[in-house]
Amino acid sequence: MIPAVRLHYTTIGDPSGQPVLMLHGTSQSGRAMLTPGFAGELFGAGQPLDATRYFIILPDALGTGQSTRPSEGLRGKFPHYNYDDMVLAQHRLVTEGLGVRHLRLVIGNSMGGMHVWLWGEAHPDFMDALIPMASQPTKMASRNWMMRRMLVETIRQDPAYEGGNYATQPPSLRLANVFMGIATSGGTLAYQALAPTRAKADALVDDRLAAPVPVDANDYIYQWDSSRDYNAAPGLEKIAAPLLAINSADDERNPPESGLMVAAMQRVKNGHLLLIPASADTRGHGTTGIARFWAPQLADFLASTPKLPM
């Protein structure tokens, strides 16, 4: 239990527009999606989510951004939330906080993509359409979980972590964050093009190690650990809204060669999969953060999806 929860959010467009809920990835915030390569391809005049027609809601998920999180005082005594808790908080924000009774679209990337699967199952009549990206509805396991577990262990086993009661951020936080980025996002072909020599590879690592530490260590641990029991597979038949899943062929965390995604999609009514081919221009798990790869398909999908009463 926790006495109170604050949920921070950013909105784009007029509240009278068609509401769209957009969900961010792990250790990010809603504003992380306001980049030229993402928002710049979607929210402008004539673009798929034109802000003159849509009301885009970008929440900071529970435990992230400016929403209630461990670093605000409770540290390691903060409740160990999971993805179900995060989706529940988002639903209460949308319905109780903003008074929205129906969404045109729920779209999310990475962790946000996994949240989209859960949204479709928990609230099947609440939206017209669903777009989960860089995610699978299958249970957290294999390399995806192994990497997350190693991030958490790397920090927890650092003596400077002091059981979560550190005075300054433990050095392992920076190393863990850079390691995760290199190991699970970027794309094999893209890295080969960007760093064909050891000197160039070292330069990339040095640049990333020199960047500011993005978050607090306790916040970071909680964010990655929150995926521990994620599993949308049992409820796939509950999804009623048309669904367009978007993944990339070089996604290190959700490798298509496992066959898990294809098998799962066969259980989704009116579900479609867009698999972006790998190239030197794609970025593995990070590919879906570049909206030009899928913006035309988003526009076509919305155009073909009926609008239900708001």
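Scope of this entry: the structure provided in the associated data block.

Rules and cut-offs
- Residues numbered from 1 in each chain as written.
- Predicted model: local features only at pLDDT ≥ 70, side-chain atom pairs only at ≥ 80, totals over all residues.
- Heavy atoms only, no water.
- Helix = DSSP H or I, 4+ residues; strand = E, 2+ residues; numbered from the N terminus.
- Axes fitted to C-alpha atoms, helices over the stretch in contact; angles between N-to-C directions.
- Parallel < 35°, antiparallel > 145°, perpendicular 65-115°, else oblique.
- Contact = heavy atoms within 4.5 Å.
- Nonpolar A, V, L, I, M, F, W, Y, C, P; charged D, E, K, R; others polar.
- Expected span 1.5 Å × (residues − 1).
- Buried < 20%, exposed > 50% of the residue type's maximum accessible area, 1.4 Å probe, protein only.
- Phe/Tyr/Trp six-rings, centres within 6.5 Å; stacked < 30°, edge-to-face > 60°.
- Lys NZ or Arg CZ within 6 Å of the ring centre and 35° of its normal.
- 1 Å grid on protein atoms, 1.4 Å probe; cavity = no way out; pocket = protein on both sides within 12 Å on 5 of 7 lines; lining within 4 Å.
- Points joined across faces, edges and corners; volume = space filled by probe spheres on them.
- Salt bridge = Lys/Arg side-chain N within 4 Å of Asp/Glu carboxyl O.
- Lys, Arg positive; Asp, Glu negative; His and termini not counted.
- Polar contact = N/O pair within 3.5 Å; in protein donor to acceptor, adjacent residues only side chain to side chain.
- Core = buried A, V, L, I, M, F, W, Y, C linked by side-chain atoms within 4.5 Å.
- Pairing = 2+ DSSP bridges.

1. Digging into the environment of Gly97
Here Gly97 shows up in helix H2 (residues 83–97). Each C-alpha atom, one on Gly97 and one on Phe301, is 29 Å from the other, the two residues being 204 residues apart in sequence.

2. Observations concerning unusual backbone geometry
Positive phi values are uncommon outside glycine, yet Glu162 reaches one of about 55 degrees. Mapped onto the secondary structure, Glu162 falls in the loop between helix H4 (142–156) and helix H5 (171–184).

3. Looking at the packing of H2 against helix H3 (residues 111–122)
Packing of H2 against H3 brings their axes to within 10 Å, and their N-to-C directions diverge by 75 degrees. Relative to H3, the element H2 is oriented roughly perpendicular. Contacts between H2 and H3 pair Tyr83, Asp84, Met86, Val87, Gln90 and His91 from the former with Met111, Met114, His115, Leu118 and Trp119 from the latter. Per-class residue counts for the contact of H2 with H3 are seven nonpolar, three polar and one charged.

4. As for H4
Residues separated by three or four positions in an α-helix point in the same direction, a consequence of the helix having 3.6 residues per turn. Taking 1.5 Å per residue, 15 residues should reach 21 Å; H4 reaches 21 Å between its end C-alpha atoms and fits that length. Turning to H4, its buried residues number three or more, namely Asn144, Met147, Arg148, Leu151, Val152, Glu153 and Ile155. Here the buried face of H4 lies against H2, H3, H5 and helix H8 (217–225).

5. So, the packing of aromatic side chains
Evaluated as defined, the whole model comprises eight aromatic pairs. By way of ring pairs, the aromatic residues Phe78, Tyr81 and Tyr222 are connected into one cluster. In this structure, Arg292 packs its charged tip against the face of Phe293, placed 4.5 Å from the ring centre.

6. A short note on the layout of surface pockets
Roughly 1000 Å³ of volume is contained in the largest pocket. Lining the largest pocket are 32 residues, with Gln28, Gly181, Ser185, Arg253 and Gly286 positioned closest to its centre. Only H5, helix H6 (188–194) and H8 provide two or more residues apiece to the lining of the largest pocket. Ranked by residues supplied to the lining of the largest pocket, first place goes to H5 with five residues. Class assignment of the residues belonging to the lining of the largest pocket gives a composition of 14 nonpolar, 14 polar and four charged. There is about 480 Å³ of room inside the second largest pocket. Lining of the second largest pocket is provided by 14 residues; of these, Ile2, Val5, Leu62, Ala89 and Arg92 occupy positions nearest its centre. Tallied by class, the residues present in the lining of the second largest pocket amount to 11 nonpolar, no polar and three charged.

7. Concerning the pattern of salt bridges
One pass over the full model with this rule turns up nine salt bridges. Between Arg69 and Glu72 there is a salt bridge, with its nearest N and O atoms 3.4 Å apart. According to the relative accessible area criterion, Glu72 is partly exposed, its value standing at 40%. Between Arg149 and Glu153 there is a salt bridge; the shortest N-O distance is 2.9 Å. Taken together, the residues span about one helical turn, with Arg149 and Glu153 both in helix H4 at a distance of four residues. Linked through salt bridges whose partners overlap, the residues forming this network are Arg6, Arg69, Glu72 and Asp219.

8. A closer look at the side chain of Arg253
Relative to the elements of secondary structure, Arg253 occurs in the loop between strand S6 (243–248) and helix H9 (260–265). Among buried charged residues, Arg253 stands out as having no salt bridge; its nearest opposite-charge side chain is Asp251, 5.8 Å away. Polar side-chain contacts of Arg253 include one of 3.4 Å to the side chain of His285. In this structure Arg253 touches Ser110, Asn144, Arg148, Met180, Thr184, Trp224 and His285, once residues within four positions along its chain are discounted.

9. As for the nonpolar core
Of all hydrophobic cores here, the largest spans 37 residues; its most connected members are Leu103, Val106, Trp117 and Trp119. Those elements giving two or more residues to this core turn out to be strand S2 (18–23), strand S3 (54–59), H2, strand S4 (103–109), H3, strand S5 (127–133), S6 and H9. Ranked by residue count, the leading element in this core is H3, at six residues. Counting 27 residues, the second largest nonpolar core, distinct from the first, contains Met22, Ala129, Phe293 and Leu302.

10. Observations concerning the sheet that holds S3
The seven strands are arranged S1-S3-S2-S4-S5-S6-S7 in an open sheet whose pairing can be described as mixed. Of all strands in the sheet, those with a lone pairing partner are strand S1 (9–12) and strand S7 (271–276), marking the two edges. Neighbour-to-neighbour, the strand axes of this sheet turn through a mean angle of 15 degrees, independent of strand direction. Against the sheet, H3 touches S2, S4, S5 and S6, its axis set at about 140 degrees to S4. Where helix H10 (residues 295–304) meets the sheet, its contacts fall on S3, S4, S5, S6 and S7, and the angle it forms with S5 comes to roughly 160 degrees.

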